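# Examining the three-dimensional arrangement
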Amino acid sequence: MVDYLPAMLSGLKVTVLLTLGAMAVAFVAAFAAGMARLSRRAPVRGLALVYIELFRGTSALVQLFWVYFALPLVGIRFDAVTAGILVLGLNTGAYGAEVVRGALSAIPREQYQAAWALNLSPAQALWRVILPQAVIAMVPPAGNLAIELLKNTALVSLITLGDLTFQAQTLRAATLESGPVFALLLGIYFLLAQTMRFGFRRLENRLAHGQDYGGVR
Amino acid sequence: MIFDWGFAFSILPAFGQALVVTMQATLAGMALALVLGLVWAIARRSRNRLVAFCAGFLVEFIRSTPLLVQLYFLFYVLPLWGPRITPLETGILALGLHYSAYTAEVYRAGINGVARGQWEAALALNLGRAVTWRTVILPQAVVPILPALGNYLVALFKETPLLSAITLLELLHTAKLIGADTFRYLEPLSLVGALFLILSLMASTLTRKLEKACDRFRHG
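Residues numbered from 1 in each chain as written. Chains lettered and ligands numbered in written order. Predicted model: local features only at pLDDT ≥ 70, side-chain atom pairs only at ≥ 80, totals over all residues. Heavy atoms only, no water.

## As for the overall build of chain A
- Counting secondary structure elements, chain A contains eight helices and zero strands.
- Listed N to C, the secondary structure of chain A is α-α-α-α-α-α-α-α in terms of helices and strands.
- Overall, chain A is about 70 × 45 × 20 Å in size when its C-alpha atoms are taken along their principal axes.
- Within chain A, buried positions represent 46% of all 217 residues.
- Sequence-distant contacts, at least 24 apart, represent 74% of the contacts inside chain A between residues at least 6 apart. (Helix = DSSP H or I, 4+ residues; strand = E, 2+ residues; numbered from the N terminus. Buried < 20%, exposed > 50% of the residue type's maximum accessible area, 1.4 Å probe, protein only. Contact = heavy atoms within 4.5 Å.)

What follows is the structure, encoded as structure tokens:
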């Protein structure tokens, strides 16, 4: 079993890289689409809605296959890592957009009015008044989404990317030790998820410090 | 190469059988998830601390590991222990088990939402524990969480393409085979995507209606 650790380690690297890369994409997409959903301009709202429904309405694996196998036929080609990061990031971002939208709409109207009364520009109001309060409410659901994302990275093994699950499959084929290999694999994912959960809980406590609105008190 | 509508229509019938398999896996998987989730949720409230801890750990473990890996585990390891089961049965088992961890959390929220006085009233009426669960707690706990359970039905449906990894001929696997035969992936994969989009949009509309109906039911 120990002989196979290097292969698993290289798989772990790919899984972590994909998770972090897709988290970055998801972060940007979630904020962009979540705020666009609250825009005053109807076309902007519509565009965000189409993005969200498109990615939430279809399966992540179908999206991955579509981008990796179907898009090259119309001339758009991504390597497996880029396709994985892009699809997983946009998929999680669509769920995240609803989190962002929900947290922003949960801020009472008076906060916007007060910022306006203080003659803050819209950007200042958002950055200094609204977001610091809204972000606290976003962290717990974002933590859950991040773990869903980590689990979804296993899908990239099906587009031939050498992540943890892919390496484990190779190992299984080589050793026929299905039980130990998959038990180890499940254990690694469990530890990764627990680490992320711990990190997000720390972040939540940190952000909630000194706040008396919207966070854990 | 651009999208060929004629080809797309010609392969549409091939998805009929695949859609039936997908639906079987979805509905049977959800039925299993509803039953197992309730078992975990009740076990977590057990007075036996060990039972409660094990149920809690199991739920957390299932929720933190990928469905695909659980699917592989059941597909490759289960046959070593016991009788062979078909890919469809393996898929139903994996989907049911995976989503039972999510439904368990939903049930838990529903059960926690039942007022304390209901338990006390049941005790005062000298009802047994099983009778209390069946006739007092669960009927009140389940109605408010029906929409949340509906959302997980949609989520489970969208995970069925994973079953293509264990050779089950569902929608995605059928699309892949057509692609391999004809070297055209664009049409079959786009059709599968469109099918999922239409069906999940329909399902979420139904869920929203259910949510409204539940609200009316609760608030008169």
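Anyway, onward from the coordinates.
## As for the pattern of salt bridges
- Summed over the entire model, instances satisfying the criterion amount to seven salt bridges over all chains.
- A salt bridge links Glu98 of chain A to Arg101 of chain A, with the shortest nitrogen-to-oxygen separation between them at 3.2 Å. A residue pair is termed a helical-turn pair when its members lie 3 or 4 positions apart in one helix, as Glu98 of chain A and Arg101 of chain A do in helix α4 (residues 80-105) at three residues.
- A residue is classified by how much of its surface remains accessible, and Arg101 of chain A, at 26% relative accessible area, is partly exposed.
- Measuring nitrogen to oxygen at the nearest pair gives 2.1 Å for the salt bridge that ties Arg197 of chain A to Glu60 of chain B. Pair noted here: Arg197 of chain A is in helix α8 (residues 178-208) and Glu60 of chain B is in helix α3 (residues 49-64), and the two residues belong to different chains.
- In the salt-bridge network here, residues are joined through shared partners; they are Arg44, Glu105 and Arg108 of chain B. (Salt bridge = Lys/Arg side-chain N within 4 Å of Asp/Glu carboxyl O.)

## Looking at the environment of Ala175 of chain B
Residues and elements named next belong to chain B.
- Mapped onto the elements of the fold, Ala175 is located in helix α8 (residues 171-182).
- Expressed as a C-alpha distance, the spacing of Ala175 and Ile11, which sit 164 residues apart in the sequence, is 9.1 Å.
- Those residues within four positions of Ala175 in sequence are excluded, and the remaining contacts are Phe15, Pro188, Leu189 and Val192.

## A word on the nonpolar core
- Formed by 75 residues in total, the largest nonpolar core has its most connected members in Val156, Phe182, Leu185 and Tyr189 of chain A together with Phe15, Leu162 and Val192 of chain B.
- With nine residues, α8 of chain A is the largest single contributor of residues to this core.
- Once residues within four sequence positions are removed from consideration, Leu162 of chain B is found in contact with Leu61 and Leu155 of chain A together with Leu67, Leu68 and Leu71 of chain B.
- Val100, Ile107, Leu131 and Met138 of chain A belong to the second largest nonpolar core, which has 15 residues in total. (Core = buried A, V, L, I, M, F, W, Y, C linked by side-chain atoms within 4.5 Å.)

## Regarding the environment of Ala48 of chain A
Residue and element names in this part refer to chain A.
- Position of Ala48 among the secondary structure elements: in helix α2 (residues 42-57).
- In this structure, the C-alpha to C-alpha distance between Ala48 and Gln194, residues 146 residues apart in sequence, is 32 Å.
- Among all residues touching Ala48, those that are not within four sequence positions of it are Ala33, Ala36 and Arg37.

## Overview of a positive patch on the surface
- Taken together, Arg208, Lys209, Lys212 and Arg216 of chain B make up a surface patch of like positive charges.
- Relative to the elements of secondary structure, Lys212 of chain B occurs in helix α9 (residues 186-219). (Patch = residues over 30% accessible without salt bridge, like charges linked within 9 Å, V, L, I, M, F, W, Y side chains within 5 Å. Areas by Shrake-Rupley, 256 points an atom, 1.4 Å probe, with all protein chains shown as cover. Lys, Arg positive; Asp, Glu negative; His and termini not counted. Charge placed at Lys NZ, Arg CZ, Asp CG, Glu CD.)

## Quick word on the interface of chain B and chain A
- Between chain B and chain A, the residue contacts involve 36 residues of the former and 37 residues of the latter.
- A combined buried area of about 3,200 Å² lies between chain B and chain A, and 73% of that area is made up of carbon and sulfur atoms.
- Contact with chain A buries surface across chain B, with Val69, Tyr76 and Lys158 of chain B losing the most and accounting together for 16% of the total.
- Along the contact surface separating chain B from chain A lie one salt bridge.
- The interface formed by chain B and chain A includes 13 residue pairs in polar contact (both at pLDDT 80 or more).
- Within the residue set of the side of chain B that touches chain A, elements represented by two or more residues are α3, α4 (67-81), α5 (87-112), α8 and α9 of chain B.
- The greatest single-element share of the side of chain B that touches chain A, amounting to nine residues, is contributed by α9 of chain B.
- Of the residues assigned to the side of chain B that touches chain A, the class counts are 23 nonpolar, eight polar and five charged. (Buried area = accessible area lost by both parts, 1.4 Å probe. Polar contact = N/O pair within 3.5 Å; in protein donor to acceptor, adjacent residues only side chain to side chain. Nonpolar A, V, L, I, M, F, W, Y, C, P; charged D, E, K, R; others polar.)

## Observations regarding the packing of α5 of chain B against helix α7 (residues 129-159) of chain B
Residues and elements named next belong to chain B.
- Remark: α5 packs on α7, axes separated minimally by 8 Å, with the N-to-C direction vectors making an angle of 140°. Comparing the axis directions of α5 and α7 gives the class oblique. By crossing handedness, the relation of α5 to α7 is classed as right-handed. In this structure, α5 contributes Leu95, Tyr99, Tyr102, Thr103, Val106, Tyr107, Gly110 and Ile111 to the contact, and α7 contributes Trp133, Ile137, Ala141, Val142, Ile145, Ala148, Leu149, Tyr152, Ala155, Leu156 and Glu159.
- Among the residues making up the contact of α5 with α7, the classes are represented as 16 nonpolar, two polar and one charged. (Axes fitted to C-alpha atoms, helices over the stretch in contact; angles between N-to-C directions. Parallel < 35°, antiparallel > 145°, perpendicular 65-115°, else oblique. Left-handed = near helix turned anticlockwise from the far one by under 90°.)

## Overview of the packing of aromatic side chains
Residues and elements named next belong to chain B.
- Going through the model one piece at a time under the given rule, you end up with 21 aromatic pairs over all chains.
- When the ring of Tyr72 is compared with that of Tyr76, the centres are 6.0 Å apart and the planes differ by 45°; the resulting orientation is tilted. Separated by four residues within a single helix, Tyr72 and Tyr76 lie in helix α4, roughly one turn from each other.
- The class of Tyr72 is buried, set by a relative accessible area of 4%.
- Consider the rings of Phe73 and Trp81, whose centres lie 6.4 Å apart with planes at 75°: the pair is edge-to-face.
- Residue classification places Trp81 among the exposed residues on the basis of a relative accessible area of 64%. (Phe/Tyr/Trp six-rings, centres within 6.5 Å; stacked < 30°, edge-to-face > 60°.)

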